[in-house]
Amino acid sequence: MSKIVFNFLYFSGINYFFRLLNEKKLVLLGYHSIVDLSKQNDYALELYPGLAVSKNHFENQISYLKEKGYVFLNFSDLELVKEGKMLTSKKSAIIYFDDGFRDIYFNAYPILKKYDARATIFLTIDFVNQNSASKSIVENAKTRNRKLDFSATPIYLSWRECALMKDIIEYGAHGVTHQKLNELGGQDLDREIQVSKNEIERNLNIRTTAFSYPHGRFNDVTEREIRKAGFLFSISTKYGANDIRELGRPLRKIIIGPEDDVKSLEVKLGAYYPLRTIALRLLGKNYG
Ligand SMILES: [Zn+2]
């Protein structure tokens, strides 16, 4: 969406109205990498610029949420909410990171600590084991003639780094090989789901209950399989805020990208997704 539309929604009062409507809903704010722009030659800006949110934007967003009275939940809290053992405050947010980029440890974790916030990282097993990287990163490296040496310059968090952040970070699964689960079946599907759960639980000595679908892709079969494997929550390609009574379905998310400052975060918390849905319907496009 262009800056003009964002500004219009922000200043028109329409956004304020939608934010009030969304106040009792749970928002899942999805990030990938958090990058320090003061560091020249940062790997992130060369190989995955579309996924890298600046440290400054991230801090401003967390500070904004805190100031507005958002409570930062994790999936263990959500389990209690689902079982009716915990009441949510008026505004609640889950901050999460997909793929497990290593820069979260250096750039996001200190900020989360500073604001007394918590978050969830969704790990892809082959990435943590430093065996591979996501397809787009591998392709970018190839085009730029840059050799990927995972041991010399790790892109993703190691198990050790993950363990160091366990005081405020929970871990969820994001597959073994980062494939679209809706295109898999049988043993392949089973492996992506069950092995990712087992590996995280074994390596970090925790219980994991949330699954973030790689590329957001899912269908009825994947949903059935992840619940069978013991996951209680899933994150999908659906966008927007979540009704607290519907936590058993694939959860909706709000994706935060490199362009998003506090103002666009506010619009994404309010009018952006409801109006986007209406616009897409009017254009006859399918909307998840
Ligand atoms: Zn991913």
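Above this text sits the structure in question.
Not measured: the values here are computed from a predicted model.

Now for the overall build of the protein. Scanning the protein for helices and strands turns up 13 helices and 10 strands. Compactness check: the protein gives a C-alpha radius of gyration of 18 Å against a globular reference of 19 Å for 288 residues, within 12% of the reference. Projected onto its principal axes, the C-alpha coordinates of the protein cover approximately 50 × 45 × 40 Å. Considering the protein as a whole, with its 288 residues, one finds that 40% of them fall into the buried category. A separation of at least 24 residues holds for 68% of the contacts in the protein among residues at least 6 apart in sequence.

Attention now moves to the nonpolar core. Residues Ala-93, Phe-97, Ile-104, Ile-121 and Leu-123 are the most contacted members of the largest nonpolar core, which totals 66 residues. Residues in contact with Ala-93, not counting those within four places in the same chain, are Val-27, Leu-29, Leu-65, Tyr-70 and Phe-72. Phe-6, Leu-9, Tyr-272 and Tyr-273 belong to the second-largest nonpolar core, a separate cluster that totals 7 residues.

In terms of burial, strand β9 (residues 233-239) is a largely internal element, 5 of the 7 residues being buried. Here 3 bridges tie strand β8 (residues 210-212) to β9, and the two strands are oriented parallel to one another. Within β9, the position partnered with Ala-210 by the bridge is Phe-233. After leaving β8, the chain enters helix α11 (residues 220-228) and then returns to the sheet as β9, a path that is right-handed. In this sheet, strand β10 (residues 251-255) lies alongside β9 in parallel orientation, the contact comprising 2 bridges. Of the residues in β10, the one forming a bridge with Tyr-239 is Lys-253.

Counting buried residues in strand β1 (residues 26-31) gives 6 out of 6 residues, a clear majority hidden from the surface. Burial of the side chains of β1 extends over both faces: Leu-26, Leu-28 and Gly-30 are buried on one face and Val-27, Leu-29 and Tyr-31 on the other. Direction of pairing for β1 relative to strand β5 (residues 92-99): parallel, over a ladder of 6 bridges. For Leu-29, the partnering residue across the bridge sits in β5 and is Ile-95.

All right, on to the environment of Gly-270 then. Structurally, the position occupied by Gly-270 is in the loop between α12 (262-269) and α13 (272-282). Residue Gly-270 is classed as buried on the basis of its C-beta count, with 23 C-beta atoms lying within 10 Å. Distance from Gly-270 to His-174, taken between C-alpha atoms, is 28 Å for residues 96 residues apart in sequence. Residues contacting Gly-270, with those up to four places away along its chain left out, are Asn-15, Phe-18, Arg-19 and Asn-22.

In this section: unusual backbone geometry. Despite not being glycine, Asp-116 shows a phi value in the positive range, around 60°. Structurally, Asp-116 is set in the loop between α6 (103-114) and β6 (119-123). Its 10 C-beta neighbours within 10 Å are what place Asp-116 among the exposed residues. In this structure, Asn-205 is a non-glycine residue whose phi angle is positive, near 55°. Among the structural elements, Asn-205 can be located in the loop between α10 (186-204) and β8.

Moving on, we come to the packing of α10 against α11. The N-to-C vectors of α10 and α11 enclose an angle of 45°; their axes lie 10 Å apart at closest approach. It follows from the interaxial angle that α10 and α11 lie oblique. Here α10 runs over α11; the crossing is right-handed. Residues Leu-189, Asp-190 and Ile-193 of α10 pack against Thr-222, Glu-225 and Ile-226 of α11.

Within the secondary structure, Thr-88 is located in the loop between α5 (75-82) and β5. Thr-88 gets classed as partly exposed once you count the C-beta atoms within 10 Å, which come to 16. Residues Thr-88 and Asp-77, 11 residues apart in the sequence, show an inter-C-alpha distance of 9.1 Å. Sequence-distant contacts of Thr-88, that is, excluding residues within four places in its chain, are made with Leu-26, Val-81 and Ile-244.

Our focus in this paragraph is the packing of helix α1 (residues 3-12) against α12. At their nearest, the axes of α1 and α12 sit 10 Å apart, and the two run at 70° to each other. Comparing their axes, α12 and α1 come out roughly perpendicular. Residues Phe-6, Leu-9 and Tyr-10 of α1 form the contact with α12, whose participating residues are Lys-263, Ser-264, Glu-266 and Val-267.

This part takes up the environment of Ala-241. Within the fold, Ala-241 resides in the loop between β9 and β10. Residue Ala-241 is classed as buried on the basis of its 25 C-beta neighbours within 10 Å. When the C-alpha atoms of Ala-241 and Asn-22 are compared, they prove to be 6.9 Å apart, with 219 residues separating the residues in sequence. With near-sequence residues (within four places) excluded, Ala-241 lies in contact with Asn-22, Lys-25, Leu-26, Val-27 and Arg-252.

The rules behind these values
Residues numbered from 1 in each chain as written. Predicted model: local features only at pLDDT ≥ 70, side-chain atom pairs only at ≥ 80, totals over all residues. Helix = DSSP H or I, 4+ residues; strand = E, 2+ residues; numbered from the N terminus. Rg over C-alpha atoms; globule rule 2.2 N^0.38 Å. Buried ≥ 20, exposed ≤ 12 C-beta atoms within 10 Å, placed from the backbone. Contact = placed C-beta atoms within 7 Å. Core = buried A, V, L, I, M, F, W, Y, C linked by C-beta atoms within 7 Å. Pairing = 2+ DSSP bridges. Right-handed = clockwise from strand over helix to strand, strands pointing away. Axes fitted to C-alpha atoms, helices over the stretch in contact; angles between N-to-C directions. Parallel < 35°, antiparallel > 145°, perpendicular 65-115°, else oblique. Left-handed = near helix turned anticlockwise from the far one by under 90°.

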